[in-house]
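# Residue-level structural notes
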There are 2 protein chains.
Amino acid sequence: MYKVVLDVMGGDFAPSSTLKGAELALKKFPELHLYLVGKESVLKSWEGRKRVSLYYTEEVVKMEESPKVALKRKKEASIFKGLELIKNGEAQAFVSAGNSGAIVGGAIFILGRLEGVRRPAIATLLPSLKDPFVLIDAGANVDSKPFDLFQFGVMGSIFLEKVCGRKNPKIALLSIGEETGKGNTLVKKAHQFFIESNLNYVGNIESRDIFLGDVDVVVCDGFIGNICLKLSEGLAEAILEMLKNEVKNSFIYLLGMKLAKGAIKSFRKKADWREHGGAPLLGVKGNVIIAHGRSDAVAIENAIRVAINSIKFNLVNRLENAIAKTVGVGEKE
Amino acid sequence: MYKVVLDVMGGDFAPSSTLKGAELALKKFPELHLYLVGKESVLKSWEGRKRVSLYYTEEVVKMEESPKVALKRKKEASIFKGLELIKNGEAQAFVSAGNSGAIVGGAIFILGRLEGVRRPAIATLLPSLKDPFVLIDAGANVDSKPFDLFQFGVMGSIFLEKVCGRKNPKIALLSIGEETGKGNTLVKKAHQFFIESNLNYVGNIESRDIFLGDVDVVVCDGFIGNICLKLSEGLAEAILEMLKNEVKNSFIYLLGMKLAKGAIKSFRKKADWREHGGAPLLGVKGNVIIAHGRSDAVAIENAIRVAINSIKFNLVNRLENAIAKTVGVGEKE
């Protein structure tokens, strides 16, 4: 059995999205046992269900709440209670579409970092013209140090290889020029750690090229990663909106777009963050999957799939072993 | 007469794109006098043309050449020779689609910075669902300091208001959360300079929202700005590519897309960097317009239009006055 905790209260459309996602996942994955954490009023009707355990709490961290304040004042909140179930060994993975700052802060505080990991990081899968690629860090950290970026590369590579089955993933540093030596101080110094390692490091990648799919792991500071992630979402939506507005102006265009609607729908599905499930927080002592705040039932189901695969492929142990090899390297920083 | 220098050798498609762009601009702007700088073999046939002066040089900075090395070894290159024409007062504005690092470096070295400006910055106009907005710095600097970001805001605002006619532009800091206090150290410190100023500063903006068009000037470090710029280009191309691939799979889709082609073409035009002309380098002693490396004739014409407007609206003097008011503020940094 794969024992996965789901924070039923987390997400813009929770609890209806999370409960529907739980239903989908229980149907799809026969070896799944779900640990649902949330308000009694929300979960009451689930009592007695097979492969489901319920944990009631009346506290919830709101989406826009300060993670620091929540950690101090809402110790019983669904996010923290759910993480406790991982800490005490009752379950093996945690999934939440809630306040991502609180998930990161809670995971570091409750589970702790893996031996040798300086900063846990969020690994997000993004679509490309070929296979999806990992962007790491997508927002767990700001003001990262060069050696942190190196560890992000190590962890992102392990995740993609061991959980997603990508062979020998190519790692690149996100920068403003392909040539070595182009970039800011952070990137130039991180480059040194990579070239001295035995990772499959291919140098810099420009943001223009990340969607071509030629690189598997794109490494950057979390401030930049988060900006890239949200820029991609915002731009994709703006482009489709602009296309719609163009089309309104002419009947023949409208007819054309109606016919092409199926293509656009199919494209949206491919480019959809929902299809790629949640983003794992790599570097803490436990499997923690952060789903998108706007997750619907399908996105929750996919995040649970990522959680199951993380358990199945022993992600935490593999990360620990890989990181152990880097210990000592960045001490001089 | 508006006296504009055009670096005929600069750009991926130069000199054919630049010469065609020069033709278009001369036709469009009757008060334009063009100073063309480039190889004699390229410009020879232009001898004797009205409203055109020719400056021959055999040296060219290649697109991927190191700007530092070029500045040392190719003093006669078209970029530097063109900037000299601004320096010695023969012409009033400089346009090039060449090596942007060499343009920035050359402009700072040859023209010098405006009194009080710590770091000149590139202001790029990007399309939104409403009016275009300015992203500054789009790549002139990496590792900016908080006060630099403040000056970028001052300069971007002046450019948009005085040259593009936007009334009382709204300025925001690009960050990873709308709330004050969200962001990295750089953004948090820059915020202090903005709230103590009398600029129309509206706080943080998330990258997801920049294309909505509610903010006029988006301020960030040049490393991040350049990544955002190229990410937008890369993603827009990837989305259209994915749409094309979807459409290939079905005849009815194909028919639909054929009909919608006009809409997509019209949309592309709107979202096209070519339509917005070149990006001015703000903060140097002269009007310097950096056109996109992939500029075609239309893009060159538009860059020349931006150059003419910069002269017409006295951009450099206005920037100098605005910056003078900030002098002393950031000295403690």
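Residues numbered from 1 in each chain as written. Chains lettered and ligands numbered in written order. Predicted model: local features only at pLDDT ≥ 70, side-chain atom pairs only at ≥ 80, totals over all residues.

## Observations regarding the overall build of chain A
When helices and strands are tallied, chain A shows 11 helices and 11 strands. The C-alpha radius of gyration of chain A comes to 20 Å, within 12% of the 20 Å expected for a compact globule of 333 residues. The C-alpha extent of chain A, read off along each of the three principal axes, is 65 × 60 × 35 Å. Buried residues in chain A amount to 57% of all 333 residues. Partitioning the contacts of chain A with sequence separation of at least 6, the portion at a separation of at least 24 is 72%. (Helix = DSSP H or I, 4+ residues; strand = E, 2+ residues; numbered from the N terminus. Rg over C-alpha atoms; globule rule 2.2 N^0.38 Å. Buried ≥ 20, exposed ≤ 12 C-beta atoms within 10 Å, placed from the backbone. Contact = placed C-beta atoms within 7 Å.)

## So, the domain arrangement of chain A
Many authors give the size of an interface as the accessible area that is lost as the parts come together. In terms of domain boundaries, chain A breaks down into domain 1 (1–117 + 283–333) and domain 2 (237–265). A straight line from the C-alpha centre of domain 1 of chain A to that of domain 2 of chain A covers 39 Å. (Domains from an automatic or database assignment.)

## As for the interface of chain A and chain B
The interface is formed by 49 residues belonging to chain A together with 49 residues belonging to chain B. When residues of the side of chain A that touches chain B are traced back to their parent elements, those giving at least two are α8 (222–248) and α9 (251–271) of chain A. Here the side of chain A that touches chain B is built from residues that sort into 28 nonpolar, 11 polar and 10 charged. (Nonpolar A, V, L, I, M, F, W, Y, C, P; charged D, E, K, R; others polar.)

## Some points on the relation of the copies chain A and chain B
Mapping chain A onto chain B leaves a residual RMSD of 0.1 Å; the transformation is a rotation of 180° accompanied by 0.0 Å of translation along its axis. Both chain copies can therefore be described as sitting about a two-fold axis. Every residue of chain A has its C-alpha some distance from the rotation axis, and the shortest such distance is that of G256 of chain A, at 1.9 Å. When you check the interface residues of chain A against chain B, 100% turn up at the interface there too, and the contact is symmetric in its surfaces. (Least-squares fit on C-alpha atoms with pLDDT ≥ 70 in both.)

## Some thoughts on the packing of helix α1 (residues 16–28) of chain A against helix α10 (residues 297–312) of chain A
Residues and elements named next belong to chain A. Contact pair α1 / α10: the axes reach a minimum separation of 7 Å and the direction vectors enclose 50°. Classed by the angle they form, the pair α1 and α10 counts as oblique. Between α1 and α10 the crossing geometry is right-handed. Note on element contacts: α10 touches α1 through A297, I300, E301 and I304, opposite S17, T18, K20, G21, L24, A25 and K28. Classifying every residue of the contact of α1 with α10 by side-chain character gives 5 nonpolar, 3 polar and 3 charged. (Axes fitted to C-alpha atoms, helices over the stretch in contact; angles between N-to-C directions. Parallel < 35°, antiparallel > 145°, perpendicular 65-115°, else oblique. Left-handed = near helix turned anticlockwise from the far one by under 90°.)

## Here we look at the environment of I323 of chain A
All names here are of chain A. Tracing the backbone through its elements, the reader meets I323 in helix α11 (residues 315–324). Spatially, the C-alpha atoms of I323 and V5 are 26 Å apart, while their sequence positions differ by 318 residues. The residues contacting I323, other than those within four sequence positions of it, are L114, G116, V117, Q151 and V154.

## Some details on unusual backbone geometry
Glycine aside, residues mostly have negative phi angles, and peptide bonds mostly take the trans form. Cis rather than trans, the peptide bond between I136 of chain A and D137 of chain A has omega equal to 10°. Inspection of the secondary structure puts D137 of chain A in the loop between β6 (133–136) and α6 (146–163). Note the cis peptide between A14 of chain B and P15 of chain B, where omega equals 0°. Along the chain, the position of P15 of chain B falls in the loop between β1 (2–7) and α1 (16–28). For N168 of chain A, which is not a glycine, the phi torsion comes out positive at approximately 45°.

## Notes on the pairing of strand β7 (residues 171–175) of chain B
Residues and elements named next belong to chain B. Most of β7 is tucked away, with 5 of its 5 residues classed as buried. Two elements, β7 and strand β8 (residues 201–206), share 4 bridges in a ladder whose sense is parallel. Opposite I171, over in β8, you have Y201 as the bridge partner. On the question of chirality, the crossover connecting β7 to the parallel β8 by way of helix α7 (residues 185–195) is right-handed. Pairing of β7 with strand β9 (residues 217–219) involves 3 bridges; the strand directions are parallel. (Pairing = 2+ DSSP bridges. Right-handed = clockwise from strand over helix to strand, strands pointing away.)

## Topic: the sheet that holds β9 of chain B
Residue and element names in this part refer to chain B. Ordered by their spatial adjacency, 11 strands build an open sheet running β3-β2-β1-β4-β11-β10-β5-β6-β9-β7-β8, and the pairing between neighbours is mixed. Each having just a single partner strand, β3 (52–56) and β8 make up the two edges of the open sheet. Within this sheet the neighbouring strands show an average axis-to-axis angle of 25°, counted without direction. Here 3 bridges tie β1 to strand β4 (residues 93–96), and the two strands are oriented parallel to one another. Counterpart to V5 in the pairing with β4 is F94. On top of the sheet, helix α5 (residues 100–111) reaches β4, β10 (279–282) and β11 (287–290); it is set at about 170° to β11, its chief contact.

## Considering the packing of helix α6 (residues 146–163) of chain B against α7 of chain B
In helix packing, the relevant descriptors are the interaxial angle and the interaxial distance, both defined with respect to the helix axes. Residues and elements named next belong to chain B. The contact between α6 and α7 brings their axes to 8 Å, and the two run at 55°. By the angle between their directions, the pair α6 and α7 is classed as oblique. Judged by the twist between their axes, the crossing of α6 over α7 is right-handed. Two secondary-structure elements touch here, α6 through P146, F147, L149, F150 and G153 and α7 through L186, K189, A190, F193 and F194.

## As for the sheet that holds strand β5 (residues 121–126) of chain A
All names here are of chain A. Read across the sheet, 11 strands follow the order β3-β2-β1-β4-β11-β10-β5-β6-β9-β7-β8 without closing on themselves; strand pairing throughout is mixed. Unpaired on one side and paired on the other, β3 (52–56) and β8 (201–206) mark the two borders of the sheet. Taken pair by pair, the neighbouring strands of this sheet meet at an average axis angle of 25°, ignoring direction. Bridge analysis of strand β10 (residues 279–282) against strand β11 (residues 287–290) gives 3 bridges, and the strand direction is antiparallel. Opposite A279, over in β11, you have I290 as the bridge partner. Each of β7 (171–175) and β8 touches helix α7 (residues 185–195); the most contacted strand, β7, lies at about 170° to it.

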